[in-house]
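Descriptive structure summary
So the chains spell out like this:
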Amino acid sequence: MATADVRRTSAFVRDAAEFIRQQARIALAERGEFRIALSGGNTPRPVYQELARIARDLPWERIFVTFGDERCVPPEDEQSNYRMARESLLVPAAVPDRSVARLRGEIDPRLAAQEYEAQLDVLATQKGEVIYRHDLILLGLGEDGHTASLFPATAALEEQARRVVANFVPKLNAWRLTFTFPLIEQGRRICFLVNGEKHRELIEKVLQGDRAYPASRVRSTNGPVTWIIGEAAAA
Ligand code: 6PG
């Protein structure tokens, strides 16, 4: 991986939430808005809870929340990334519904991806952008090196034009909705939020650029990728 901005911390939740709030303040100061893509899974939940606690004063009506990926389930399903974000951040921080774009996991995957991509394309066009530019894209790291729902040996890895696709994941025997690399790399800042205790060896392989792992292929056109890695407190 090109030079990464690696931050190891035993105060993972606090530091990650503070980083997000800082990125929001920078974007709001520079452009009057903050466009953030949330990652899913379990790791971000306490970070979103902390963000809701420390960032209630942010102008959430000028923040636009998207999702880097989603499971193909209804929004009330316990597997839904939207549900996790709603419980941990959107409701506690009183984020207005109009500030959130939900991937509709409950409909046909291809249609859900197309409609989301079209929504981002309209927003990009309004800003004179070819591809929608997030101010911050949060990403996680799966045990097989996947990120968003870009899993090893799946079709979405090879997508070089579309911004959002439906991706069948054989190991899960399930469809997923996901950002593609072309959309991710447009992010002004990209930040992996990772539990260092869980993926110690994998993280090193990804940081060394081992392309066997999709996370290694994440690039930003705008600078180094940031990694906030939670570590156990020094004994
Ligand atoms: C998802 C995610 C996925 C996640 C990793 C890590 O929908 O599952 O977006 O990419 O970030 O699988 O998940 P954990 O944080 O639960 O380890």
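Residues numbered from 1 in each chain as written. Predicted model: local features only at pLDDT ≥ 70, side-chain atom pairs only at ≥ 80, totals over all residues. Heavy atoms only, no water.

**Thoughts on the overall build of the chain**
A tally of regular secondary structure across the chain gives six helices and nine strands. Since a compact globule built from 235 residues should have a radius of gyration of about 18 Å, the 16 Å found for the chain is in line with a globular shape. Each principal axis of the C-alpha atoms in the chain carries an extent, and together these give about 50 × 45 × 35 Å. Split into buried and exposed, the 235 residues of the chain put 56% on the buried side. Long-range pairs, those at least 24 residues apart, make up 75% of the contacts in the chain between residues at least 6 apart in sequence. Of the accessible surface of the chain, which amounts to about 10,500 Å², a share of 48% is contributed by carbon and sulfur atoms. Charge-centre separation for the chain: the mean point of 32 positive side chains lies 3 Å from the mean point of 32 negative side chains. (Helix = DSSP H or I, 4+ residues; strand = E, 2+ residues; numbered from the N terminus. Rg over C-alpha atoms; globule rule 2.2 N^0.38 Å. Buried < 20%, exposed > 50% of the residue type's maximum accessible area, 1.4 Å probe, protein only. Contact = heavy atoms within 4.5 Å. Areas by Shrake-Rupley, 256 points an atom, 1.4 Å probe, with all protein chains shown as cover. Lys, Arg positive; Asp, Glu negative; His and termini not counted. Charge placed at Lys NZ, Arg CZ, Asp CG, Glu CD.)

**Quick word on the sheet that holds strand β6 (residues 164–169)**
Spatially, three strands are ordered β4-β7-β6 in an open sheet, and the strand pairing comes out antiparallel. Strands with a single pairing partner mark the edges of an open sheet, and in this sheet they are β4 (69–71) and β6. For this sheet, the mean inter-axis angle between neighbouring strands, taken without regard to orientation, is 25 degrees. Bridge count for β6 against strand β7 (residues 174–179) is six bridges, and the pairing is antiparallel. In the strand pairing of β7, N167 is matched with R176. Sheet strands in contact with helix α4 (residues 109–126) are β6 and β7, and its direction is about 155 degrees off that of β6. (Pairing = 2+ DSSP bridges. Axes fitted to C-alpha atoms, helices over the stretch in contact; angles between N-to-C directions.)

**Points about helix α3 (residues 81–90)**
Every α-helix winds through 3.6 residues per turn, so residues three or four apart in the chain are directed the same way. Taking burial as the measure, the 10 residues of α3 include seven buried ones, the bulk of the element. Considered for burial, the residues of α3 that qualify are N81, Y82, M84, A85, S88, L89 and L90. Angular distribution of buried residues about the axis of α3 spans 155 degrees; they occupy a single face of the element. Residues of α3 that are buried in the fold lie against β2 (34–38), α2 (44–54), β3 (63–67) and β4. With a side-chain oxygen positioned 3.1 Å from the backbone nitrogen of Y82, the residue opening α3 is S80. (Arc of directions from axis to C-beta. Polar contact = N/O pair within 3.5 Å; in protein donor to acceptor, adjacent residues only side chain to side chain.)

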